[in-house]
Amino acid sequence: GAGAFSDIVTIGNTSPLLAIIPAATTAATTYKLRVVATNPAVIGSTSTNNLTVVAAPTVPSIAVADGNLNKCSGMTATLNATNCTNGSVAWNTGQNGTSIVVTVNTAFQYRAKCVNATCESNFSSPIQFTCPPDVITTTSFSPATSCTSDSVSVAFTTSGYGFSGSSTYKVP
């Protein structure tokens, strides 16, 4: 039967045109197309072949498996993607799958999208890691009294990802 035509956004004025299928278009339905020009006003013939619209995959949600975004470059992290329907997960790292292990790069934003044979979703919101600064706490030093140019042994602890242990310093 005959159905109503909808206006869709087109880009260009020569063949072929780029037409953007409206997001509200019903999936799993076939459509006919025609070109309507406004200047001069001409209504083109209806296409002889059908356009089938398929459901686009959903944008996945992504998270760090341990929930910790405080990781420094070079460390490893497991990233998980959920809610990818009508497709499979592809990451902007080049990896595929709902769970991937990455070597952290704090300058990189990790994203995933859901893809199938025909369509792909937009990329997810990004995950970006931050390397927390080291906090150094001096726990002890000896000797308690020293002369200029003597060595002092200093023990310390850190919270962060840099260094730990003890060092010997010369008093200036």
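Below you will find a few notes about this structure. Owing to the predicted nature of the structure, the values given are computational and were not obtained by experimental measurement.

1. Comments concerning the overall build of the protein chain
Piece 1. On a plain count of helices and strands, the protein chain comes out with zero helices and 14 strands.
Piece 2. The helix and strand sequence of the protein chain, counted from the amino end, reads β-β-β-β-β-β-β-β-β-β-β-β-β-β.
Piece 3. Summarising the internal contacts of the protein chain: among those between residues at least 6 apart in sequence, 41% fall at separations of at least 24.
Piece 4. Within the structure as shown, the protein chain displays about 11,500 Å² of accessible surface, and the carbon and sulfur contribution to it stands at 54%.

2. Quick look at the pairing of strand E7 (residues 61-64)
Piece 1. What you see with E7 is a clean split: Ile62 and Val64 sit on the buried side and Ser61 and Ala63 on the side with no burial.
Piece 2. Two elements, E7 and strand E8 (residues 76-82), share four bridges in a ladder whose sense is antiparallel. From the neighbouring strand, Ile62 faces E8, where its bridge partner is Ala81.

3. Quick word on the nonpolar core
Piece 1. Core analysis: the largest hydrophobic core is formed by 16 residues, its most contacted members being Leu79, Trp91, Ile127 and Phe129.
Piece 2. The residues contacting Phe129, other than those within four sequence positions of it, are Val64, Asn68, Leu69, Lys71, Ala77, Leu79, Val104, Thr106 and Tyr110.

4. Side note on the pattern of salt bridges
Piece 1. On inspection of all chains with the given rule, the structure shows two salt bridges.
Piece 2. For Lys71, the salt bridge is made with Asp66, and the minimal N-O distance between the two is 2.7 Å.
Piece 3. The exposure class assigned to Lys71 is buried, which follows from its relative accessible area of 7%.
Piece 4. Across the salt bridge formed by Glu120 and Lys113, the nearest N and O atoms sit 3.0 Å from each other.
Piece 5. Relative accessible area serves as the criterion here: at 15%, Lys113 is assigned to the buried category.

5. Some details on the side chain of Lys71
Piece 1. If you trace the backbone, Lys71 turns up in the loop between E7 and E8.
Piece 2. A polar side-chain atom of Lys71 sits 2.7 Å from a polar atom in the side chain of Asp66.

6. A few points about the state of the cysteines
Note: disulfide means a covalent bond formed between the sulfur atoms of two cysteine side chains.
Piece 1. Going through the model one piece at a time under the given rule, you end up with two disulfides.
Piece 2. Covalent S-S linkage joins Cys72 and Cys131, the inter-sulfur distance amounting to 1.8 Å. Between Cys72 and Cys131 the disulfide shows an S-S torsion of about 70°. By sign, it is right-handed. In this pair, Cys72 is assigned in the loop between E7 and E8 and Cys131 in the loop between strand E11 (112-115) and strand E12 (135-142), connecting sequence segments 59 residues apart.
Piece 3. Among the residues examined, Cys72 registers a relative accessible area of 9% and is labelled buried.
Piece 4. Judged by relative accessible area, which is 38%, Cys131 ranks as partly exposed.
Piece 5. With cysteine numbering restricted to those in disulfides and following the sequence, the protein chain has the pairing 1-4, 2-3.

Conventions adopted
Residues numbered from 1 in each chain as written. Predicted model: local features only at pLDDT ≥ 70, side-chain atom pairs only at ≥ 80, totals over all residues. Heavy atoms only, no water. Helix = DSSP H or I, 4+ residues; strand = E, 2+ residues; numbered from the N terminus. Contact = heavy atoms within 4.5 Å. Areas by Shrake-Rupley, 256 points an atom, 1.4 Å probe, with all protein chains shown as cover. Buried < 20%, exposed > 50% of the residue type's maximum accessible area, 1.4 Å probe, protein only. Pairing = 2+ DSSP bridges. Core = buried A, V, L, I, M, F, W, Y, C linked by side-chain atoms within 4.5 Å. Salt bridge = Lys/Arg side-chain N within 4 Å of Asp/Glu carboxyl O. Polar contact = N/O pair within 3.5 Å; in protein donor to acceptor, adjacent residues only side chain to side chain. Disulfide = S-S within 2.5 Å.

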